[in-house]
Amino acid sequence: MDCILSAVKKLQELSRHSGCEDGTIVLSVNPDRKVCQFEKGACMEAFFGGRIAEFVTFEPTRATTRLGFLFDATLEKTVHRAAACVIINVIAGFFCITRVRRSCPGECHAACRAELIQKIGNGRVAGIGIPGPVLESFPSHNSGSADGEVVFISGEGLISPEGTAILDGPSADRVLLVGPSTAGVAALEKIPHWCPYGKG
C-alpha cells in the first residue's frame with residue numbers, strides 16, 4: 001500500500017474519538033525559513049494544537065482544513081500528497097509519535113552530512129528529491145536510484161511517483177528517508193529516517 005495513504009489510515013485509528021479529527025489545521029508558506037540541506041522547494045507549514053511542522057515542496061498549499069478531511073482523500077496529485085504529509089507531520093508531532101517537526105539551523109548541516117557519510121561508509125548512494133550538489137558531496141554517488149545501495153528520499157521524493165514505486169517495491173529496504181519533511185511518515189510506517197538535528 002502507498003506509504004502516505006497507509007500513514008493516513010494509522011492516524012485515523014490513532015485519532016478516533018479524540019476530537020482531533022475536527023480540530024482546525026492551518027497550512028501556510030514561510031518564505032524566510034531556511035530548509036534542510038536534503039530538501040528543495042518552499043517551506044509549507046502546518047499549525048495544529050500549538051504545534052508547527054513543515055514540509056518542503058515545489059507545490060505548497062495555503063488553506064484551512066481539518067484532519068478528518070484527509071481520511072477519505074485519494075491523494076492522487078502531488079500537491080495533495082504534499083499537503084497530506086505536512087498534516088501527518090504536525091499531527092504526529094502533536095501525538096508525540098515523532099520529535100522532529102522542523103529543520104535544524106544551517107550551522108548543523110556540515111555535522112549532519114559528515115555523520116551520515118560515516119554511517120553509510122563506502123556504500124553507493126542515490127537520491128530522489130535530493131539537491132544535486134548535496135548528493136555529489138557523498139564519496140560514492142549515482143544519479144539513478146536503481147544503482148544505489150542506499151537511496152535517500154526527501155519530501156519531494158516521497159510524494160513523487162518514483163519515490164512511491166521504490167517504497168512500495170522490492171527495493172524498499174534500501175531506502176533512508178531524510179529531513180523533517182519525511183519524519184511523520186517514517187515514524188508511522190517504521191521506515192528508517194535520518195534527521196539527527198531536526199527540531200521539535
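Up top is the structure these notes are about.
Residue indices begin from 1 for each chain and proceed along its sequence in written order. Given that this is a predicted model, residues contribute local features only at a pLDDT of at least 70 and side-chain atom pairs are listed and counted only at 80 or more, while totals for whole chains, interfaces and linings are drawn from all residues. With hydrogens and water stripped out, all remaining heavy atoms of the structure feed into the side-chain values.

Trainee: So what's going on with the overall build of the chain? Residues and values would help.
Mentor: Strands here mean DSSP runs of E at least two residues long; helices mean DSSP runs of H or I at least four residues long; both are numbered from the N terminus. Looking only at helices and strands, one finds eight helices and eight strands in the chain. In this setup the radius of gyration rests on C-alpha atoms only. A globule is expected at 2.2 Å times the number of residues raised to 0.38. Here the chain has a C-alpha radius of gyration of 16 Å; the compact-globule value for 200 residues is 16 Å, and the two agree. A principal-axis box enclosing the C-alpha atoms of the chain has dimensions of 50 × 35 × 25 Å. Here the term buried applies to any residue with accessible area under 20% of the maximum for its type, exposed to any over 50%, and partly exposed to those in between, with areas from a 1.4 Å probe on protein chains only. Split into buried and exposed, the 200 residues of the chain put 53% on the buried side. What makes two residues a contact is simply this: any of their non-hydrogen atoms within 4.5 Å. Intrachain contacts of the chain at a sequence separation of at least 6 include 67% that bridge at least 24 residues. Total accessible area on the chain stands at roughly 8,800 Å², and carbon and sulfur atoms take up 52% of it. Method for areas: the Shrake-Rupley scheme with a 1.4 Å probe, in which residue coverage is limited to the protein chains shown.

Trainee: So, the nonpolar core: which residues are in play, and what are the values?
Mentor: To define a nonpolar core, start from buried Ala, Val, Leu, Ile, Met, Phe, Trp, Tyr and Cys residues and group those joined through side-chain atoms within 4.5 Å. In this structure, Ile4, Leu158 and Val185 are the most contacted members of the largest nonpolar core, which totals 39 residues. Looking at this core element by element, the count peaks at nine residues for helix α3 (residues 78-94). Setting aside residues no more than four positions away along its own chain, Val185 makes contact with Cys3, Ile4, Ala7, Cys85, Ile88, Asn89, Leu158, Lys190 and Ile191. The next biggest cluster of nonpolar side chains, apart from the first, holds 15 residues, and it includes Cys112, Val125, Phe152 and Leu176.

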